[in-house]
Amino acid sequence: MITIRYATAAAFLAAGLLTTPAAFAATPAGYAGVVADDAKITVTGNGAVSAAPDRMRLQAGVEVRRATAGAAFGDARKAAATLRTALLAAGVDEDDLRTSEISLGPEYDDYPKVSGYRAGQGVEVLVRDLDDADRVVDAVAAAGEEARLNGVSFEIGDPKAALAAARDAAYKDAEAKARQYAKLTGRRLGRVLNVSEDGEGRAPIPFEGVHLMAADKSISPGRQSVGVNVRVVFELR
């Protein structure tokens, strides 16, 4: 039987790292320690790997202003059809086009007097080959004065390999933490009692992607960090 001083055990319990079932039950009066029989320790490991995005999502659309609501909406639909035709001609697959917004509303020069109506329609374009990114952007810009470019985002089409590597790193991180805490408490690390994944996330990280592009390319995808958090419960012996 190993005795851990109360101050040390309390610190671990407050941090959520050490759990001792019934550890405080029936503690004798004046007893200053905790007997950590059948103890276990819960740690969280973090793992992240860097990967290059291979797909782009382009937010584009059209916007028109006319004297009447009907004229504004009708011309916006015509402009949206022209934009769609231009995107298909640029090599975008029809299944990779998605209407993302439709808007119509009044405008005022001197409220509440209506001076006209503005209508718009947005489209999200999935570009599966980044070599086509510039051509798709150029197609939007050439679709007419009503066309709008509203931003881009990048993603990893198949993140399975990156996630697997991140899980390896997260588990190793959790195990290293658990071994350190076991040593600090005079214990040995036992078997794994439970493993759970808290979720996955991707966040942009700084990267000088422009240096890897050909001279005639203007789109820089950078890199993304694919991360996993894992919670592991170990037995303490």
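Quick caveat, the model's predicted, so the values are computed rather than measured.

Conventions used here
- Residues numbered from 1 in each chain as written.
- Predicted model: local features only at pLDDT ≥ 70, side-chain atom pairs only at ≥ 80, totals over all residues.
- Heavy atoms only, no water.
- Helix = DSSP H or I, 4+ residues; strand = E, 2+ residues; numbered from the N terminus.
- Buried < 20%, exposed > 50% of the residue type's maximum accessible area, 1.4 Å probe, protein only.
- Contact = heavy atoms within 4.5 Å.
- Areas by Shrake-Rupley, 256 points an atom, 1.4 Å probe, with all protein chains shown as cover.
- Phe/Tyr/Trp six-rings, centres within 6.5 Å; stacked < 30°, edge-to-face > 60°.
- pLDDT = per-residue confidence, 0-100.
- Pairing = 2+ DSSP bridges.
- Salt bridge = Lys/Arg side-chain N within 4 Å of Asp/Glu carboxyl O.
- Axes fitted to C-alpha atoms, helices over the stretch in contact; angles between N-to-C directions.
- Expected span 1.5 Å × (residues − 1).
- Core = buried A, V, L, I, M, F, W, Y, C linked by side-chain atoms within 4.5 Å.

Enquirer: Help me get a handle on the overall build of the protein, residues and values and all.
Expert: The helix and strand tally for the protein stands at four helices and 10 strands. Secondary structure elements of the protein, listed N to C terminal, follow the sequence β-α-β-β-β-β-α-β-β-α-β-α-β-β. Per-residue burial over the protein gives 36% buried out of 237 residues. The long-range fraction of contacts in the protein, counting pairs at least 24 apart against all pairs at least 6 apart in sequence, stands at 78%. On the protein, roughly 13,800 Å² of surface is accessible, and the fraction owed to carbon and sulfur atoms is 51%.

Enquirer: Kindly report on the packing of aromatic side chains, identifying the contributing residues and their values.
Expert: All told, the structure shown has one aromatic pair when counted by the stated rule. Note on tyrosine 108 and tyrosine 111: the rings are 4.9 Å apart at their centroids and 65 degrees apart in plane angle, and the pair reads as edge-to-face. Relative accessible area serves as the criterion here: at 38%, tyrosine 108 is assigned to the partly exposed category.

Enquirer: Now, about the confidence of the model for the protein: what can you tell me, with residues and values included?
Expert: Counting all residues, the mean pLDDT for the protein is 83, and 76% of those residues have values of 70 or more. This stretch, residues 1–37, has a pLDDT under 50; its non-local contacts, to residues over four places away or in other chains, come to 43 contacts.

Enquirer: How would you sum up the pairing of strand β6 (residues 97–110)? Please name residues and give values.
Expert: Remember that side chains alternate between the two faces of the sheet whenever the strand is regular. Both β6 and strand β7 (residues 113–127) contribute to a ladder of 12 bridges, which runs antiparallel. Bridged to aspartate 110 within β7 is lysine 113. In textbook terms, the turn of a hairpin is the stretch between consecutive antiparallel strands, and for β6 and β7 this stretch comprises two residues.

Enquirer: Any details on helix α3 (residues 133–141)? Residues and values, ideally.
Expert: Those residues of α3 lying buried are Ala133, Asp134, Val136, Val137, Ala139 and Val140. Of the surrounding secondary structure, the elements contacted by the buried residues of α3 are β5 (55–66), α2 (69–89), β7 and β8 (147–155).

Enquirer: Give a detailed account of the pattern of salt bridges, specifying residues and quantitative values.
Expert: Pairing is possible between side chains of opposite charge, provided their charged atoms come close. Taken as a whole and assessed by the stated rule, the structure comprises 18 salt bridges. Lysine 177 is the salt-bridge partner of aspartate 173, the closest N and O atoms lying 3.4 Å from each other. Of this pair, aspartate 173 and lysine 177 both sit in helix α4 (residues 160–184), four residues apart, which is roughly one turn of that helix. Overall, the relative accessible area of 24% leaves aspartate 173 in the partly exposed class. The exposure class of lysine 177 is partly exposed, given its relative accessible area of 29%. Here glutamate 235 and arginine 237 are joined by a salt bridge, their closest N and O atoms 3.4 Å apart. The exposure class assigned to glutamate 235 is partly exposed, which follows from its relative accessible area of 22%.

Enquirer: Describe the sheet that holds β5, naming the residues involved and giving the relevant values.
Expert: A sheet is described by the order of its strands in space; here four strands give the open sequence β6-β7-β5-β8, paired in antiparallel fashion. Each end of this open sheet is capped by a strand with a single partner; those strands are β6 and β8. Each adjacent strand pair in this sheet contributes to an overall mean axis angle of 20 degrees, direction not counted. Alignment of β5 against β8, held across eight bridges, turns out to be antiparallel.

Enquirer: Just give me the short version of α2, but keep the residues and values in it.
Expert: Counted at 1.5 Å a residue, the expected span for α2 with its 21 residues is 30 Å, and the 30 Å between its end C-alpha atoms agrees. Where the residues of α2 are buried, they touch β5, β6, β7 and α3. One or two steps after α2, the chain reaches glycine 91, where phi turns positive at roughly 105 degrees.

Enquirer: Before we move on, could you go through the nonpolar core and cite the residues and values that matter?
Expert: Grouped together as the largest cluster of nonpolar side chains are 23 residues, with contacts concentrated most on Met56, Leu87 and Val125. Counting residues per element, the ones that place at least two in this core are β5, α2, β7, α3 and β8. The residues touching valine 125, leaving out its near neighbours within four places in the chain, are Met56, Arg57, Leu58, Leu87, Val92, Asp96, Leu97 and Val136. One finds Ala166, Val226, Phe234 and Leu236 within the second-largest nonpolar core, a separate group that totals 19 residues.

Enquirer: Could you give an account of the environment of alanine 69, with specific residues and numbers?
Expert: Position of alanine 69 among the secondary structure elements: in helix α2. Residue classification places alanine 69 among the partly exposed positions, given a relative accessible area of 27%. Considering only alpha carbons, one finds alanine 69 and glycine 105, 36 residues apart in sequence, at a separation of 7.5 Å. Not counting chain neighbours up to four residues away, the residues in contact with alanine 69 comprise Leu104 and Tyr117.

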